[in-house]
Amino acid sequence: MSKQTSKGKSRKRKVARVHSASAYLSVNSLTKAGSSLWLNVSADGELLGKLEIGRGGFCWTGRYRKISRHLSWSRFAELMDKNGYGK
């Protein structure tokens, strides 16, 4: 958000960054079978979990978990519609 100064110019507030993600991509194109994008998601420098994004959907593995949870693209769209738009 910007705040208006007395001269009409806007200045931006500085916001501390809490979350970060580092990515690893093994193939140049996600359209090929077996290719995925891996993200290590962190907050305040501590790993929250790992997210694998592929053609079939998402796989999330929490920081101390050995088993990942799968979410298809269709299910993801349903959840976003419900949580994001209240539908």
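Relevant structure appears above.
About the cut-offs
- Each chain has its residues counted from 1, running along the sequence as written.
- The model is predicted, so local features are restricted to residues of pLDDT at least 70 and side-chain atom pairs to those at 80 or more, both for listing and for counting; the totals for chains, interfaces and linings are taken over all residues.
- Hydrogens and water are ignored here; the side-chain numbers use all heavy atoms of the structure.
- Residue types Ala, Val, Leu, Ile, Met, Phe, Trp, Tyr and Cys, when buried and joined through side-chain atoms within 4.5 Å, form a set referred to as a nonpolar core.
- Buried, partly exposed and exposed residues are distinguished by accessible area as a fraction of the type maximum, computed with a 1.4 Å probe on protein chains only: under 20%, between the cut-offs, and over 50%, respectively.
- Helix numbering and strand numbering both begin at the N terminus, where a helix is a DSSP run of H or I of at least 4 residues and a strand a DSSP run of E of at least 2.
- Each pair of aromatic rings taken from Phe, Tyr and Trp, with Trp reduced to its six-membered ring, is defined by centres within 6.5 Å and is described as stacked if the planes are under 30 degrees apart, edge-to-face if over 60, and tilted in the remaining cases.
- Whenever a carboxyl oxygen of Asp or Glu lies within 4 Å of a side-chain nitrogen of Lys or Arg, that contact is scored as a salt bridge.
- By definition, two strands form a pair when at least two bridges between them are found by DSSP.
- To define axes, lines are fitted to C-alpha atoms, for helices over the stretch in contact only, and angles between the resulting N-to-C directions are given on a 0 to 180 degree scale.
- In what follows, residue pairs with any heavy atoms lying within 4.5 Å of each other are defined as contacts.

### Some remarks on the nonpolar core
In step 1: Residues L39, V41, L51, I53 and F58 constitute the largest nonpolar core, which totals 5 residues.
In step 2: Of all the secondary structure elements, the ones that give two or more residues to this core are strand 4 (36-43) and strand 5 (46-54).

### What to know about the packing of aromatic side chains
In step 1: Considering all chains together, one arrives at 3 aromatic pairs under this definition.
In step 2: Aromatic side chains W73 and F76 sit 6.1 Å apart centroid to centroid with 90° between the ring planes, which places their arrangement in the edge-to-face category. Here W73 and its partner F76 are both found in helix 1 (residues 73-85), 3 residues apart, which amounts to about one turn of the helix.
In step 3: With a relative accessible area of 36%, W73 lands in the partly exposed category.
In step 4: Of the residues examined, F76 reaches a relative accessible area of 30% and is grouped as partly exposed.
In step 5: Taken together, the ring pairs connect F58, W73 and F76 into an aromatic cluster.

### Section: the pattern of salt bridges
In step 1: This model, assessed by the stated rule, comprises 2 salt bridges.
In step 2: Note that E46 and R63 form a salt bridge whose closest N and O atoms lie 2.9 Å from each other. Linking E46 in strand 5 with R63 in the loop between strand 6 (57-62) and strand 7 (69-72), this pair joins segments that are 17 residues apart in sequence.
In step 3: Classification of R63 as partly exposed rests on a relative accessible area of 36%.
In step 4: Residue E78 is joined to R75 by a salt bridge in which the shortest nitrogen-to-oxygen separation is 3.3 Å. In this pair, E78 and R75 both sit in helix 1, 3 residues apart, roughly one turn of the helix.

### A word on the sheet that holds strand 3 (residues 19-25)
In step 1: Reading across from one edge, 3-4-5-6-7 is the order of the 5 strands in this open sheet, with antiparallel pairing throughout. The sheet is open, and its two borders are formed by strand 3 and strand 7, each paired with just one other strand. Mean inter-strand twist for the sheet, computed between neighbouring axes without regard to direction, equals 20°.
In step 2: On the sheet, helix 1 packs against strand 5, strand 6 and strand 7 and is oriented at approximately 80° with respect to strand 7.

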